[in-house]
Amino acid sequence: MLQEEEVTHLVLFYENRLKDHHLVIPAVLQGLHALSLCEVLAPGLAVSVLKAVFQEVHVQSLPQLDRHTVYSIITNFMRTREEELKGLGTDFTFGFIQVMDGEKDPRNLLVAFQIVRDLILKDYVLGPFVEELFEVTSCYFPIDFTPPPNDPHCIQREDLIVSLRAVLASTPQFAEFLLPLLIEKMDSEMQSAKLDSLQTLGACCTIYGQKELQEFLPSLWSSLRREVFQTASEKVEAEALAALRGLAACLSRSVLSSDTEDLLDSFLSGILQDCRHHLCEPDMKLVWPSAKLLQAAAGASFRAGHRITSSVVPLLLEQYNQHPQSSQRRTILEMLLGFLELQQKWGHEDEEESALLCSQAPLCSVLFSALTDPSVQLQLVGIRALTVLGTLPGLLAPPDVQLVVDHLTRLVLHADDSQSCVAAMEAAGSLAPIYPGAFSGRMVQRLAEELQSEREEEGRRSTHSLRARCLRALAAMSTHPGIVRETVPVLLQCLQEVPKGNVPVGACDAVAVCQSLQRVAVQCQRDAESCWYYHQTVVPCLLAVTVQAAMQENAHSPLGKLLLEEEVLTAMVPVISAASAHLCPELAAQSVSQLVPLFLDGEVSFLPHDSFPCPFQPFQGGQHVAAQRRLVALLMAFVCSLPRNVPIPQQDRLLQELLALSCSCDCPFTATAAAKCFAGLVNKYPAGQQLDQLLETAVSRMEAGLAEGLLRSQALALLLWVTKALVLRYHPLSSRLTDKLLGLLGDAELGPAVADGFSLLMADSPDVLHKGCHADVRIMFRQRFFTDSVPKLVQGFHAAGPGVKANYLKGLSHVLNHLPRPVLVTELPTLLSLLLEALSCPDRVVQLSTLSCLQPLLLEAPHVMSLHVDTLVTKFLGLTSSPAMAIRIAALQCVHALTSLPVPVLLPYKPRVIRALAKPLDDMKRLVRKEAVVARGEWFLLGSPGR
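Residues numbered from 1 in each chain as written. Predicted model: local features only at pLDDT ≥ 70, side-chain atom pairs only at ≥ 80, totals over all residues. Heavy atoms only, no water.

Caption draft 1: Structural detail: the overall build of the protein. Secondary structure assignment for the protein yields 48 helices and 0 strands. With the principal axes as the frame, the protein shows a C-alpha extent of 105 × 75 × 65 Å. Here the protein, with 947 residues, has 55% of them falling under the buried criterion. If you sum the accessible surface of the protein, you get close to 40,400 Å²; carbon and sulfur atoms cover 53% of it. A distance of 8 Å separates the average location of the 77 positive side-chain charges in the protein from that of its 99 negative side-chain charges. (Helix = DSSP H or I, 4+ residues; strand = E, 2+ residues; numbered from the N terminus. Buried < 20%, exposed > 50% of the residue type's maximum accessible area, 1.4 Å probe, protein only. Areas by Shrake-Rupley, 256 points an atom, 1.4 Å probe, with all protein chains shown as cover. Lys, Arg positive; Asp, Glu negative; His and termini not counted. Charge placed at Lys NZ, Arg CZ, Asp CG, Glu CD.)

Caption draft 2: Geometry of the pattern of salt bridges. Counted under the stated rule, the structure contains 32 salt bridges. We note a salt bridge from Asp196 to Arg165, for which the minimum N-O separation is 2.9 Å. Here Arg165 lies in helix α9 (residues 157–168) and Asp196 lies in helix α11 (residues 191–205), a separation of 31 residues in the sequence. Its relative accessible area of 15% is what places Arg165 among the buried residues. (Salt bridge = Lys/Arg side-chain N within 4 Å of Asp/Glu carboxyl O.)

Caption draft 3: Highlighting unusual backbone geometry. In this model, Phe141 is joined to Pro142 through a cis peptide bond whose omega is -10°. Mapped onto the secondary structure, Pro142 falls in the loop between α8 (130–138) and α9. Even without being glycine, His774 reaches a positive phi, approximately 65°. The topology assignment puts His774 in the loop between α38 (751–762) and α39 (781–799).

Caption draft 4: Inspection of the side chain of Ser197 at higher detail. Inspection of the secondary structure puts Ser197 in helix α11. Its relative accessible area of 0% is what places Ser197 among the buried residues.

Caption draft 5: Spotlight on the confidence of the model for the protein. A residue-level look at the protein finds 95% of positions with pLDDT of 70 or above and a mean pLDDT of 89. Mean pLDDT across the elements of the protein bottoms out in helix α28 (residues 558–563) (68) and peaks in helix α32 (residues 632–639) (95). (pLDDT = per-residue confidence, 0-100.)

Caption draft 6: Geometry of the packing of α11 against helix α14 (residues 234–253). The interhelical angle for the contact between α11 and α14, taken along N-to-C directions, is 20°, at an axis separation of 8 Å. In terms of their interaxial angle, α11 and α14 are classed as roughly parallel. The crossing of α11 and α14 is left-handed. Between α11 and α14, the contacting residues are Gln191, Lys194, Leu195, Leu198, Gln199, Leu201 and Cys205 on the first element and Lys235, Val236, Glu239, Ala240, Ala243, Gly246, Leu247, Cys250 and Arg253 on the second. Residue composition of the contact of α11 with α14, grouped by class: 9 nonpolar, 3 polar and 4 charged. (Axes fitted to C-alpha atoms, helices over the stretch in contact; angles between N-to-C directions. Parallel < 35°, antiparallel > 145°, perpendicular 65-115°, else oblique. Left-handed = near helix turned anticlockwise from the far one by under 90°. Contact = heavy atoms within 4.5 Å. Nonpolar A, V, L, I, M, F, W, Y, C, P; charged D, E, K, R; others polar.)

Caption draft 7: The environment of Ser48, seen in detail. Turning to its location among the elements, Ser48 is positioned in helix α3 (residues 45–56). Ser48 sits in the partly exposed class, given a relative accessible area of 23%.

Caption draft 8: Representation of the side chain of Ser530. Here Ser530 lies in helix α27 (residues 528–554). Within the local environment of Ser530, its side chain forms a polar contact with the side chain of Asp527, the two groups lying 2.8 Å apart. Beyond its immediate chain neighbours, meaning those up to four positions away, Ser530 contacts Pro481 and Cys524. (Polar contact = N/O pair within 3.5 Å; in protein donor to acceptor, adjacent residues only side chain to side chain.)

Caption draft 9: Expanded view of the packing of aromatic side chains. Under the definition given, this model contains 10 aromatic pairs. Between the NZ or CZ atom of Arg485 and the centre of the ring of Tyr533, over which it lies, the distance is 4.4 Å. A cation sits over an aromatic face here: Arg784 above Tyr730, 4.2 Å from the ring centre. (Phe/Tyr/Trp six-rings, centres within 6.5 Å; stacked < 30°, edge-to-face > 60°. Lys NZ or Arg CZ within 6 Å of the ring centre and 35° of its normal.)

Caption draft 10: Examining helix α45 (residues 885–897) more closely. The terminal C-alpha atoms of α45 lie 18 Å apart, and with 13 residues this matches the ideal 18 Å at 1.5 Å per residue to within 8%. If you check which residues of α45 are buried, you get Ile887, Arg888, Ile889, Ala890, Ala891, Leu892, Cys894, Val895 and Ala897. Buried residues along α45 sit in contact with α42 (844–860), α44 (869–879), α47 (910–916) and α48 (926–941). (Expected span 1.5 Å × (residues − 1).)

Caption draft 11: Inspection of the environment of Leu201 at higher detail. Positionally, Leu201 belongs in helix α11. As for Leu201 and Leu179, which are separated by 22 residues in sequence, their C-alpha atoms are 7.8 Å apart. Apart from the residues within four sequence positions on either side, Leu201 is in contact with Leu179, Leu182, Met186, Leu220, Leu224 and Ala243.

Caption draft 12: Inspection of the packing of helix α17 (residues 302–322) against helix α19 (residues 360–371) at higher detail. At a closest axis distance of 10 Å, the pairing of α17 and α19 adopts a crossing angle of 40°. Our classification of the angle between α17 and α19 gives oblique. Both α17 and α19 take part in a crossing whose hand is left-handed. Contact with α17, carried on its side by Leu317, Tyr320 and Asn321, involves Pro362, Leu363, Val366, Ser369 and Ala370 of α19 and no other residues of that element. In terms of residue class, the contact of α17 with α19 is built from 6 nonpolar, 2 polar and no charged.

Caption draft 13: Highlighting helix α37 (residues 733–744). If you check α37, its first and last C-alpha atoms are 17 Å apart, about what 12 residues at 1.5 Å a residue would give, namely 16 Å. Within the sequence span of α37, burial applies to Leu733, Ser734, Leu737, Thr738, Leu741, Leu742 and Leu744. Those residues of α37 that are buried lie in contact with α35 (689–707), α36 (712–728), α38, α39 and α40 (805–817).

Caption draft 14: Looking closely at a negative patch on the surface. Residues Glu131, Glu132, Glu135, Glu176 and Glu215 make up a contiguous surface patch of negative charge. The leading source of residues in the negative patch is α8, at 3 residues. Taking the relative accessible area as the measure of exposure, Glu215 reaches 64% and is therefore exposed. (Patch = residues over 30% accessible without salt bridge, like charges linked within 9 Å, V, L, I, M, F, W, Y side chains within 5 Å.)

Caption draft 15: Layout of the state of the cysteines. The full count for this structure, using the stated rule, is 0 disulfides. Here Cys524 is not cross-linked by a disulfide; its sulfur's nearest cysteine counterpart is in Cys531, at 7.0 Å. Overall, Cys524 belongs to the buried group, its relative accessible area being 2%. Among the cysteines around Cys667, which has no disulfide bond, Cys665 carries the closest sulfur, lying 5.1 Å off. (Disulfide = S-S within 2.5 Å.)

Caption draft 16: The environment of Cys364, seen in detail. Tracing the backbone shows Cys364 in helix α19. Distance in space between the C-alpha atoms of Cys364 and Leu744 is 69 Å, their sequence separation being 380 residues.

Spelled out as structure tokens, the structure:
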């Protein structure tokens, strides 16, 4: 470490060397740069060094690296000797201007721009050199820089733009020089200059006041208006609107005194004068640009919004009544919607000063008329506008709220177009939390009555459609705890009527009820109280009706069979899962202590209507337990959705029962549900000796089941689900089970199912073993499985006989199809030959999976794929004639994606591909013809100028 005295001697020595021959200057600057980093630099030396550099060195005549060294010296001193440099006053500013003047290298400019910004923000004295400092930086505006190819410094044009903008927009002192420059560049023909100018103007507005803007407001407004009225670029239009919003916001912040002009009011008056009259011509070209300008200005502040909205909204309401055509009214209503949405932004400022209060009655009248118009598109805009109006405080009186609810109810029940019906449901969901009493007392009641009358009038036309609408609407509006307590009983009543035979329904009707219940469950997850109410109401009810149905099944009742159908039970699974996944641990433990004994011991006392004709013993042997066993799917939905920290009573016994059921049940649905439940619990089971013993027992049962017998498929399902559970948590046994699956690919009977099972291992499961149900899912498990299994799949493919090679290709295709694209691209060269061979496999699943895998690779790895272009073209064109529509579509998408390969590689194939694509243009399926048109058009344009 150098001492202070030594540093002083070195500094003085280097300062004197600056007067020597220019060849020694670079070495002297390097020495001074090193000394500028010393902490023991004596006071005054920093000023001395910079004075010497300013006086003795002509910086811009030096090479780039030496100029960068000078900037670094200045930066170091500004960071460590700020007060000393400020003591130089304007000499420091003038000296730096001389140093920077004429700089051209982008590496140095980034540093220089930062120095200028620090000069301004850290209050260095600029004195009379404000204009000179502006000139020395603004000469680079707008930035016109294209980085050279393979630039090792990675400096982009955007880096320079942002850095320069930070300088120009750092002080109001530049305003008188900068604003004329920005106006000039906005008027230029270069789009990049327009964009840069508009973005810089927006940045300046955050620090300017009305004093800086006053002189230039007319010119700025003229330029911005022209860019919106005449521009052909959406980017330029968007930036012009943002700049206008910034200007209005800047004027809004200005503090007014009694003798000063209100520039905001005069500025907005000019905007209204130039734009307002265009709103009276909804069919003309300038109506939307004018509306956008007005909305941009209104969005700047509460004052601006009040001024413009109070002037424009009455005009739009008047124009709506004067124009009877639906298309014109839709345009006017869409503009009105924009101003209503702006009121949401400022609605909290002062409810009593809302600009819409004076137009409240005609506004509601217009929106209600839109909801009764025959035009669907006008109805949709009206629903959106009414939804926004309903969220604004104080603008809907109680009678208006009731009318809103009645209109939405009418649209839900009687709208001819499904779009209006869906929009009305979504609007009800948005407004119900604000007006729960109105929706609860009117809409819920009306929908419940409609469902009741539907039960009584079973022969009525379109009953199923109306019933479905009512169910979806009840779910959509269940966004408030009070409404949930009214809609849930109605939905459950629909389900409870099924086993009673009070209403003739099919499985699709029961599924519709479950889908509505699932939506309510998801919406209840936001509120802990609603979540617990839903859980303790819905889950026992679902279990009660299904247990009752299982008892009726024993009596051979067709109504009992309905609720036990696979489709219905599968729809109930996400209902129970959603109702259980977000419970707090205490409540979840309370619930699981009731539900597990139900299945293990037949404890039905907690169920509503607990008078059942026979015991509920799904895990016991007997003549009539097949129906009861199907309800294991509901057990799976509950216990596999619980948080990992919730203890499950009698868990080991439950696991043994599930294991036995999954291997011995001859019903595939029941066996698979038991296997999934077993796997879901194993995935969360704490690591240790107990888990190892449990898994060894499971492996023994699986091996015995796979060896021979009629239940090999059930044993395979258990193997797949347990393997997935262990792969997700990185359990050591997962490799052994994966090897067992790889071995089964050569099995003539199970091989195809095992190959499909690789998709199960890699894909996200919708009901168990995913993060939403608190499963133990480790990061990058797919990459790890790929690394472990794919080499063995490739090896097995080469060693397999011709009869089972397709199984290996199908498994490989499934693994690759679910792998993250960046990983797949890196492995592509070694696997592409196998993927191409998979396209020749007669199995349609293999073909479709491989095509889905190759299509994105054509876009992301064109140089690798271009090496096999001949094979790819041949295979893809051949598959465009496949009997399967999905394969034809996927093949045509791949043919389209081929156009992303290098043009010189593709040109020899252009005539052949165009001729081959003529056939699918006449395909009997519209979706195939659509893909053929797109693909053929791209190939026609291949090699054209500008492509």
